[in-house]
Amino acid sequence: MRKLIILLLVISTAFSVKTNAQAKNGKISGTVVDGSSKIIESATITLRNAKDSSVAKISMADKAGNYGFENVAEGKYFVSISAVGHEPGYSEPIEVNATVMSVVVKKMELVPLAKSIDGVTVTSKKPLIEQKAGKTVINVDASQTNAGLNALELLEKSPGVSVDNDGNISVKGKQGVMILIDGKPTYLSGADLAALLKSMQSSNLEQIEIMTNPPAKYDAAGNSGIINIKTKKGMVKGMNGNANGSYNQGLYARFNGGLNLNYRNNKLNVFGGYNGGTYQGYNNLVINRNLYEADKTTLARTIDQVSRPHYKGVYHGAKAGIDYNFSKKDVAGFVVNTNFNTNDQDPTGTANLRDAAGNLIYKLISSGNNSRNSSNVSANFNYKHTFDSTGKEISADLDYVYYDNKSHTELNTQSYDNNNVKNGNDVILRGDLPSSIKIYSAKIDYVHPFKKGLKLEAGLKTSFVNTDNQVGYQRNSGSGWTVDDRSNYFLYDENINAAYAILSKSIKKWELTAGLRLENTNSNGHQLSNDSTFKRHYTNLFPNAGISYNASEKNQFSLSYSRRVARPDYQDLNPFTYFLDSLTYGQGNPYLQPQFTNNFEFSHTFKKFLTTTLNYTQTDDIITQLLKQNTEKNLTYQTKDNFSSMKQWGVAVMANFAVQKWWNMNVYANGYNNHYAGLYQNDPIDIQFTSFTGNLTNSFTLGKGWNAEVSGWFRSRGVDGLLVINNMGAVNSGISKQVLKKKGTLKLNVSDIFYTQKFSGYAKYSDVDVRIAGKRDSRQANLTFTYRFGKTTIAPERRRNGGAGDEQNRVKSGGN
């Protein structure tokens, strides 16, 4: 039957293809594989005229998946491919002319069709986790239990990624990861980054890329590498889109929904979307502290406290953009993103101060009323010129980002003696904390392929950051409001200039890459309250190298090295004080210095399904979150400081395989040892732990549009900074059904079924002896419905990676 179809197509081609006197010396070639990179033999390859999709030539792929067309006339074409058991595939537009007579089409992947096996329908789709060159890719829609989650929750269940109780993100046990969204830095960090990620719903996300040794074209920032979150963008011609809604129920309910629209034709692509929702939750925090005499061994007092921050809020996000192809070689685009978030908190807490024998001295009861309104707008203009079909191109990006945050806090504290008799008047502390950040960035990138597999990449970037932070505290102890001496005003400006070059070369079974990035940093800080300033100027080189060897179809090896930097987050340099209660607060450190890291990785891939990676990391002057105490005043505060060093070695294993035809399993396991050594207040500190993290995902295709999943993750006791974190993990499950002629998908899932995602840990060094335990509203049930509409003709996608990367990732403010 296939031969008959091909014969008929050949006959029809003879009548539809115009003959003329043009020279027909052109050549077009390429390779086709299926979605798992396996070769597809005997696929039907059709060369079509770009103007009207009429057939120009027909061929078939050989046993290696290769195909070619000889004697192609000058003109514009595209390639369509069909194969038994697969969806058809379409190439990007290509052109044969007097300048370019030989064109190599980018490798094309075909998606297998659904087929019936023993009454069970098995539909091939993208795997949940893919191991690609230099990165791990998580396909968000491939997991049923991802429905209804936000981006921070997705990261928490991603292989090798950890999220602590404050929303700080680490990879393979190392802090200092840089977060990108569509290749652009968020310029956020800490709680502010957590707030942004919580407003991004899984229904709007396509992939999460984890790069532990990114190439030199990326900013050198990020001690443990880069996480790039890719949002969805239409890849089909005509008008299309999707709408989604979700209901989530834990102790509290939350709702979210969104709409995405896309219109694309041969020259124009217009896209936009909106998402919004509500959220509500709590953190139940227990802190027990031991306070010692000057000898740091004799117990003086203890403090046991319980705090229960309750929060709720509303968020809105919108995106709009346009891409326009001025010619076959020139394309420009403009995209705007906006986010708005309102948050209210009403924390309550009790702190008991006791003597060494455990007798109550007095207790403090506190209640708070905090509010925060934050907004940000980012705009990106981009342009790309393609010189020829060999891949020679130049691109440019201009970015502008603005963050605005207005916070108000009020803390009321009552004191009671050991007989529960109130001491004096209430003490009320209130404050207004406005802040703003402006970021300007420009970059240019150039790619130049040479003959015999040699390629040069080079680029330039500059960025300017201006931050304006104020805090005005007032205090009332019963005799009226007075200005509190912790009020402050801090200005910070920063300029980073960078240049990079990368050379790569393919030699038979070898792939060689070497890159070098130079970054020049200039910063100025001014604390107006005491008229103190600081200025810093430094220039650093960041080399990057990689070697890959394809020994055989079964075995591939790679070795990589990179040097990276983690600069202090903007608000970590800010010397302001932020209160949890009367005895606990956070404070910035304007004397923080950047930390530098050397990363080495060696990996082996067996049969393209099992990847084993060995890594070694050394970080000097590591920026570490510390707990410090004022024993005399019974105060504990959290700050960041440069600790001496951290060393890590580790091994990670990832496998993705089919247990049965209807059951697929993905396994990730990572064992590592973190070793911190240095001085704190002249006391030596040496802390190390060997830890384990693991993720397991079971996906089931049940037939008739039904799919299910059971997944879980576990993290053993380990050290994060100088805080030892105890075991924690979670088990999740979900089920989905395609409805409305496969245009709709209904998903139901439950996260943290056994309510085991509870945080606990301790810090014990010098005069610090603190134990912490916390739990939040992590066990939740979610129901999500997604509806897709519009045309489904595939067209090539264009995704822009803007230049505002590291800077956006370092913004930080209040969040949950």
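Residues numbered from 1 in each chain as written. Predicted model: local features only at pLDDT ≥ 70, side-chain atom pairs only at ≥ 80, totals over all residues. Heavy atoms only, no water.

Caption draft 1: Representation of the overall build of the protein. Each helix and strand in the protein was counted, giving three helices and 54 strands. Looking at the protein as a whole, 51% of its 816 residues are labelled buried. When contacts within the protein are restricted to residue pairs at least 6 apart in sequence, those whose partners lie at least 24 apart make up 67%. (Helix = DSSP H or I, 4+ residues; strand = E, 2+ residues; numbered from the N terminus. Buried < 20%, exposed > 50% of the residue type's maximum accessible area, 1.4 Å probe, protein only. Contact = heavy atoms within 4.5 Å.)

Caption draft 2: Molecular detail of the sheet that holds strand β43 (residues 635–642). Read across the open sheet, the four strands follow the order β38-β39-β43-β42; overall the sheet is mixed. Only two strands of the sheet have a single partner each, and these edge strands are β38 (577–581) and β42 (623–630). Each adjacent strand pair in this sheet contributes to an overall mean axis angle of 25 degrees, direction not counted. Note: strand β39 (residues 584–587) against β43, three bridges, orientation parallel. Along β43, the bridge assignment pairs G586 with Q638. (Pairing = 2+ DSSP bridges. Axes fitted to C-alpha atoms, helices over the stretch in contact; angles between N-to-C directions.)

Caption draft 3: Seen up close, the side chain of S407. Looking at the secondary structure, you find S407 in strand β30 (residues 393–417). When its relative accessible area of 18% is taken as the criterion, S407 is described as buried. Ignoring sequence-local partners within four residues, the contact set of S407 consists of S371, R372, G431, D432 and L433.

Caption draft 4: Representation of the packing of aromatic side chains within the structure. Under the counting rule described, the total for this entry stands at 25 aromatic pairs. When the ring of Y492 is compared with that of Y570, the centres are 6.1 Å apart and the planes differ by 45 degrees; the resulting orientation is tilted. Residue Y492 is located in strand β34 (residues 488–507), and its partner Y570 is located in the loop between β37 (555–566) and β38; the two are separated by 78 residues in the primary sequence. Here Y492 and Y570 have matching classes, each one buried. (Phe/Tyr/Trp six-rings, centres within 6.5 Å; stacked < 30°, edge-to-face > 60°.)

Caption draft 5: Here's a closer look at unusual backbone geometry. In the Ramachandran plot, N682 falls in the positive-phi region, its phi being about 70 degrees despite a non-glycine side chain. Among the secondary structure elements, N682 is positioned in the loop between β45 (663–680) and β46 (683–703). Of note in the backbone geometry, K741 takes a positive phi value of approximately 55 degrees without being a glycine. Note on placement: K741 falls in the loop between β50 (728–739) and β51 (744–751). Of the residues examined, K741 reaches a relative accessible area of 82% and is grouped as exposed.

Caption draft 6: Representation of the environment of G391 within the structure. Note that G391 resides in the loop between β29 (370–386) and β30. Residues within four places of G391 in sequence aside, it is in contact with V447 and P449.

Caption draft 7: Local environment of the pairing of β45. Sheet topology note: the strand β44 (residues 645–660)/β45 ladder contains 15 bridges and is antiparallel. Directly across from S645, in β45, lies its bridge partner A677. Connecting β44 to the next strand, β45, in antiparallel fashion are two residues. As paired elements, β45 and β46 share 18 bridges and run antiparallel to each other. When the sheet's bridge partners are listed, W663 is paired in β46 with F700.

Caption draft 8: Expanded view of a nonpolar patch on the surface. On the surface, a nonpolar cluster with roughly 740 Å² of combined accessible area is contributed by M239, L259, L261, Y263, V270, I322, F334, F381 and L398. Sort the elements by how many residues they give to the nonpolar patch and strand β22 (residues 253–264) lands first, with three residues. For M239, the position within the fold is in strand β21 (residues 238–249). (Patch = residues over 30% accessible without salt bridge, like charges linked within 9 Å, V, L, I, M, F, W, Y side chains within 5 Å. Areas by Shrake-Rupley, 256 points an atom, 1.4 Å probe, with all protein chains shown as cover. Salt bridge = Lys/Arg side-chain N within 4 Å of Asp/Glu carboxyl O.)

Caption draft 9: Local environment of the nonpolar core. Of all hydrophobic cores here, the largest spans 30 residues; its most connected members are I169, L197, I208, I227 and I229. Looking at this core, the elements that each hand over two or more residues are α2 (151–156), β14 (161–163), β15 (169–171), β17 (178–181), α3 (190–198), β19 (205–211), β20 (226–231) and β44. Residues in contact with I208, not counting those within four places in the same chain, are T136, V137, I138, V140, L154, L155, S158, I227 and N228. Judged by nonpolar contacts, the second largest core, of 22 residues, contains V32, F69, I94 and V100. (Core = buried A, V, L, I, M, F, W, Y, C linked by side-chain atoms within 4.5 Å.)

Caption draft 10: Region of the structure containing the pairing of β46. The hairpin formed by β45 and β46 contains two residues between the paired strands, and Q681 there has a positive phi angle of roughly 50 degrees. Of the pairings in the sheet, the one linking β46 to strand β47 (residues 706–715) comprises ten bridges and is antiparallel in character. Within the sheet, the bridge partner assigned to N698 lies in β47 and is V710. Here β46 hands over to β47 after two residues, with K704 in that stretch at a positive phi of 55 degrees.

Caption draft 11: How the structure looks around the confidence of the model for the protein. With 87% of its residues at a pLDDT of 70 or more, the protein has an overall mean of 84. For the stretch residues 1–23, pLDDT sits under 50, and the model shows 18 contacts to residues farther than four places along the chain or on other chains. (pLDDT = per-residue confidence, 0-100.)

Caption draft 12: Spotlight on the pattern of salt bridges. Scanning all chains against the criterion turns up 16 salt bridges. Between R567 and E519 there is a salt bridge; the shortest N-O distance is 2.5 Å. Separated by 48 residues along the polypeptide, R567 in the loop between β37 and β38 and E519 in strand β35 (residues 510–527) bring together distant segments of the chain. E519 matches R567 in its accessibility class, with the two residues each being buried.

Caption draft 13: Structural detail: the environment of H604. Its place among the elements puts H604 in strand β40 (residues 595–606). Along the backbone, H604 and Q556 are 48 residues apart, and their C-alpha atoms lie at a distance of 5.7 Å. Once you skip the residues sitting within four places of it in the chain, H604 turns out to touch N555, Q556, F557, L610, T611 and T612.

Caption draft 14: Highlighting the environment of K443. Among the structural elements, K443 can be located in strand β31 (residues 422–449). According to the relative accessible area criterion, K443 is buried, its value standing at 17%. In sequence terms K443 and A499 are 56 residues apart; their C-alpha atoms lie 9.5 Å from each other.

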